[in-house]
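# Secondary and tertiary structure notes
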Amino acid sequence: MNSHHCSHSWMMNKRLKGKPYTPTEAEHIANIFTHAAMVPIAVIAAIILMINASTTNLFFIAVMYGLNLIILFFISAAFHTAFYFNDDVRLIEKLRKSDRAVIYIFIAACYAPWLMLVQVPEQQMFSNLQWVMWLFAGLGVLFELTCSKKFPLLGIICYVLYAVLPALFLDYQLSFPGIPELKVSGALYLIGVVFYRCDGIVPFAHAIWHLCVILGAGVHYVAVFNHFYSADSSAGGVSKMSEF
């Protein structure tokens, strides 16, 4: 165990100005457990989607979305485990960057079922939106790997804008299945962002952020399953689907 991360305070350490927050031992354990416990659940959830995929498109989306769900929780758990048990600063920093970078990929993967399976108008802006999402995911990853430590607040703003703006655009322009669930999921993520910024202010703030991610991902997964993979979804609950 990394002795630097042990604390006499059980609930919360004091946040030092200009320095990253150091969690208490209890907070470390909560941060690890909340997402480590979700890894096997995410594996099962991905397998369920793959088993229920009735077309090539649905199977491809199940693999892509499912893998990103697994990676999201796995990388987060790996980072927090290394942060607690390991003194290797370089390893911790690499995992920290990876933990934040995969969020961009996960956001793009969350939009994929709707952008790749639902029939959209053939205007250029709609047909290219899925590729724009992946382009910005790549730029987000590049930002996190290179300069996010210098501009942490900018990183949070980018997350929120990248996640929210496409949803607002699609909700305004189109009538997609599952929009209410997506709004609930998005609201849970946004609530979580508030706690993400409250380390040293609210006890177990980061673990609460993790719980909001779990709830948001859970609501989103239910929407994906109900509208694209369930027996009652009418081949995905969409008006038209095409094979690759």
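Bear in mind the structure is a predicted one, so any value in this text is a computation, not a measurement.

Criteria and thresholds
- Residues numbered from 1 in each chain as written.
- Predicted model: local features only at pLDDT ≥ 70, side-chain atom pairs only at ≥ 80, totals over all residues.
- Heavy atoms only, no water.
- Helix = DSSP H or I, 4+ residues; strand = E, 2+ residues; numbered from the N terminus.
- Contact = heavy atoms within 4.5 Å.
- Axes fitted to C-alpha atoms, helices over the stretch in contact; angles between N-to-C directions.
- Parallel < 35°, antiparallel > 145°, perpendicular 65-115°, else oblique.
- Nonpolar A, V, L, I, M, F, W, Y, C, P; charged D, E, K, R; others polar.
- Core = buried A, V, L, I, M, F, W, Y, C linked by side-chain atoms within 4.5 Å.
- Buried < 20%, exposed > 50% of the residue type's maximum accessible area, 1.4 Å probe, protein only.
- Expected span 1.5 Å × (residues − 1).
- Arc of directions from axis to C-beta.
- Salt bridge = Lys/Arg side-chain N within 4 Å of Asp/Glu carboxyl O.
- pLDDT = per-residue confidence, 0-100.

Attention shifts here to the environment of Cys212. Tracing the chain through its elements places Cys212 in helix α9 (residues 205-229). Placed 27 residues apart in sequence, Cys212 and Ser185 show a C-alpha to C-alpha distance of 9.1 Å. Residues within four places of Cys212 in sequence aside, it is in contact with Leu188, Tyr189, Ile191 and Gly192.

Closest axis-to-axis distance for the helix α1 (residues 25-36)/helix α2 (residues 38-52) pair is 5 Å, and the angle between their directions is 15 degrees. Viewed along their axes, α1 and α2 adopt a mutual orientation that is roughly parallel. Contacts from Thr34, His35 and Ala36 in α1 reach Met38, Val39 and Pro40 in α2. In the contact of α1 with α2, the residues fall into four nonpolar, two polar and no charged.

With that out of the way, let us pick up the nonpolar core. Counting 51 residues, the largest nonpolar core has Leu69, Phe73, Phe228 and Tyr229 as its most contacted members. Mapped onto this core, the elements with two or more residues apiece are α2, α3 (56-85), α4 (89-117), α6 (129-146), α7 (152-173), α8 (179-196) and α9. At 13 residues, α4 tops the list of elements feeding residues into this core. In contact with Phe73, other than residues within four places in its own chain, are His35, Met38, Val39, Ala42, Val213, Ile214 and Ala217. Core analysis: the next-biggest nonpolar cluster, separate from the first, contains five residues, Phe79, Ala82, Phe83 and Ile92 among them.

Relative to the 21 Å expected for 15 residues at 1.5 Å per residue, α2 spans 21 Å between its end C-alpha atoms, a close match to the ideal helical length. Within α2 the residues assigned to the buried category are Met38, Val39, Ala42, Ala45, Ala46 and Leu49. Taken end-on, α2 shows its buried residues confined to a sector of 120 degrees, consistent with a single buried face. Pointing more than 90 degrees away from the buried face of α2 are the exposed residues Ile44 and Ile51.

Moving on: the pattern of salt bridges. Side-chain pairs of opposite charge can arise whenever the charged atoms involved come near each other. For the coordinates displayed, the defined rule picks out one salt bridge. The partner of Glu93 in a salt bridge is Arg96, and the shortest N-O contact between them spans 3.5 Å. Of the two residues, Glu93 and Arg96 both sit in helix α4, three residues apart, roughly one turn of that helix. Residue Glu93 is classed as buried on the basis of its relative accessible area, which comes to 18%. Taking relative accessible area as the criterion, Arg96 reaches 18% and is therefore assigned buried.

Another point: the confidence of the model for the protein chain. Interpretation of the predicted coordinates at a detailed level should be avoided for regions scoring low in pLDDT. Per-residue confidence for the protein chain averages 84 on the pLDDT scale, and 81% of its residues sit at or above 70. Summarising per-element confidence for the protein chain, the mean pLDDT is lowest in helix α10 (residues 234-237) (47) and highest in α2 (97). Note on residues 3-8: pLDDT is under 50 here. Beyond four places in sequence and across chains, it has 13 contacts. Between residues 235-244, whose pLDDT stays under 50, and residues either more than four places distant or in other chains, the model counts 23 contacts.

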